[in-house]
Every structure is written in structure tokens, then in C-alpha cells.
Amino acid sequence: MTTLTPRVHDADGSRLVAYDLGATLAEWDLDGEPVLWLSDRAVLDGSAPLRGGIPICFPWFAAGPEGDRSPSHGLVRTATWRSAEPADEEVWAWEVGSADVSGAERLTGPFELRYAVGLRPGREAMGRELLVALAVTNPADAPLTVEAALHTYLAVEDVRATRVLGLDGVEYYDKVDGVRRVQRGPLTFTGETDRVYDSGAEAGIVVDDGSRQLHLRPAGATQAVVWNPWAERCAEVADLADDAWQRFVCVETAATAHRSLTVPPGGTSTLSCTFAARPRSTT
Ligand SMILES: O=P(O)(O)OC[C@H]1O[C@@H](O)[C@H](O)[C@@H](O)[C@@H]1O
């Protein structure tokens, strides 16, 4: 059995840990406190995607637009990405292409991905801001339509006391009961939550757990997905401890289903998100 080798970056109060498997940023701690959440049962031998951090879903989300694709969340989450030269404020960058992933071209057509993780000075933020960006290039002469998501696990003190702001008035598809609804006011958590909001949320999303506010600024997305499995589903997932659902919420920068990403021939589309932790008093 192999053990994945972590990449570690420690500077200015930020500690980042990443793996080449899926180009997954697994941890971001700020002054010793986790901002991204990583399961203490995460599988670190390459046999499964990492449960936590920011796994990348591509070229489909969940079981895909028709519900018939596997593995869940696409082919690159378990591919080993190549390390690439970081630019500017980037700490790490990786690349992977359809030619590296068996079966990908037949399903979607050719693609080239570049993913980068960076840190930059935060404005009103505590410590640095984190920036992640997935660039999807279409090398072919026909449009490329794909699903993509930055499946972000955020650490919260208790999901039952957590509010997600910034989605008020946005229509969403509730995957738990298959009904479309409109969000009214802040999103709170009282049971299994699995929602695909039809907004790229460019104005920003705030995740407030009562003791800290995380500010997310997505760009290039068409949707935001919010997921928490709650107790019963959590107990069914091997790489989640039974009570793990209390300590994270996934808020994902996404483009799926009828709001998939279409990249023009020869073009590049980028899905990105900036994360900042702020003291509660500043907002
Ligand atoms: O277990 P996985 O493949 O990582 O997926 C976890 C969850 O990911 C979310 O993004 C989906 O909306 C959920 O439906 C899914 O259960």
C-alpha cells in the first residue's frame, strides 16, 4: 500500500497541505485553526478521492447530467496531476489533460486543465486570502461542454448553528426531495442538505458559524452547491466519522447540468474562488 506524499507550505500564519492526487488542496489552516475541513478518516493511499479540502469535480458532477456516469464527480478527482510552474501569488500549480485520463476524450472531447492554489494579502481578512482557480482549455475546433465544481469542505464549529448568506432570492434544485424552490433569507441547517443554487454568487457568499465568518468570492461559475449529509447519511460514508457532519459544510463553486460550462474552440474558461476569514465585527 502506498501513502500519498503531501506538499506543505507554511508562511505568514497559513499552512497549506496538498496532494497531486486530484490536485487536491487538503488543508488550509490559519493561525492554527482549520478553514478547510479534512476528515480524520480521509483515505491517503490513492485508492479513493480525499474526503475534505477542495476536491475537483470534472468533467461531470455527481453522476453527470444524465445520472449515468461513474465514478462520482468525474475522472480527474482520482487522477495524478503533473506539477506545473506557479505564477505570481500561486503556491502550487498542476496540469492534467484528457489524454492522461483513460476514457475521457470519448466521453467529452479533448480538454486541458490547469489548477492553481495561491495566497495573497487579505484586505480586511485575518491573515492571507486563499485563491484557487481551475482553467479549462478546449484544444479542439468544436465547443466543449463539461460540468465542473470546486467541492469545498469548510470547517465550522457546529453546522446546526451555521448560516450561509448571499443566496437570498436564488432558485435552487433540492436534491434531497427533487423539488425546485427559492431561497428566502439565510440558509440554515436542520437536516440533510443537498442543493444546487442557480447563481454564480459573484457578489459573494458568507458562511457564519457564530464564531467566525468565511467570505467566499466565486468567479466564472454559474451555480453554488451546498451539501451536508447530516447524521444518517454521514454514518453510511466510510471515510466520515459518525459525528463528522456537525463540523463541515460544503459550499461549492460549480457549473453543472443546464448550467454547464461551454468552452469555445481554442478557448479557456476559468472557475475560481477566493476565501477570506474575517472577524465577525467587520461585517
Ligand atoms: O461522496 P462524494 O462522491 O464525494 O459526493 C459527496 C456529495 O457531493 C455533493 O457535491 C453532492 O451534491 C452530493 O449529492 C454528494 O453526496
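Please read these numbers as outputs of a predicted model, since none were measured by experiment. (Residues numbered from 1 in each chain as written. Predicted model: local features only at pLDDT ≥ 70, side-chain atom pairs only at ≥ 80, totals over all residues. Heavy atoms only, no water.)

1. Quick notes on the overall build of the chain
Then, in step 1: Tallying secondary structure elements over the chain gives two helices and 23 strands in all.
Then, in step 2: Taking 283 residues into account, the globule formula puts the C-alpha radius of gyration at 19 Å, and the chain, at 18 Å, falls close to it.
Then, in step 3: With respect to the principal axes defined by its C-alpha atoms, the chain has extents near 50 × 45 × 40 Å.
Then, in step 4: Within the span of the chain, comprising 283 residues, buried residues form 53% of the whole.
Then, in step 5: At a minimum sequence separation of 6, the contacts of the chain that also span at least 24 residues come to 64%. (Helix = DSSP H or I, 4+ residues; strand = E, 2+ residues; numbered from the N terminus. Rg over C-alpha atoms; globule rule 2.2 N^0.38 Å. Buried < 20%, exposed > 50% of the residue type's maximum accessible area, 1.4 Å probe, protein only. Contact = heavy atoms within 4.5 Å.)

2. Structural notes on the site of the ligand
Then, in step 1: Residues in contact with the ligand, as listed here, are R51, F61, S72, H73, R77, H151, K175, D194, V225, W227 and E252.
Then, in step 2: Protein contact buries 80% of the 400 Å² of open area that the ligand shows by itself.
Then, in step 3: Taken together, the residues of the shell around the ligand break down into three nonpolar, three polar and five charged. (Near = heavy atom within 4 Å. Areas by Shrake-Rupley, 256 points an atom, 1.4 Å probe, with all protein chains shown as cover. Nonpolar A, V, L, I, M, F, W, Y, C, P; charged D, E, K, R; others polar.)

3. Examining the UniProt feature "active site" (unreviewed entry) in the chain
Then, in step 1: Sites flagged by UniProt as "active site" (unreviewed entry) map to H151 and E252. Maximum C-alpha separation among the annotated residues is 4.8 Å over a sequence range of 102 residues, consistent with a single clustered spot.
Then, in step 2: The topology assignment puts H151 in the loop between strand 11 (148-150) and strand 12 (153-155).
Then, in step 3: You can call H151 buried: its relative accessible area is 4%.
Then, in step 4: Every residue in contact with H151, bar those within four places of it in the chain, is listed here: G53, I54, P55, C57, H73, W227, C250 and E252.
Then, in step 5: Following the sequence through the fold, E252 ends up in strand 21 (residues 248-255).
Then, in step 6: Contact partners of E252, with chain neighbours within four places excluded, come to F61, A149, L150, H151, T152, Q223, A224, V225 and W227. (UniProt positions renumbered as here; feature names shortened; annotations may be inferred.)

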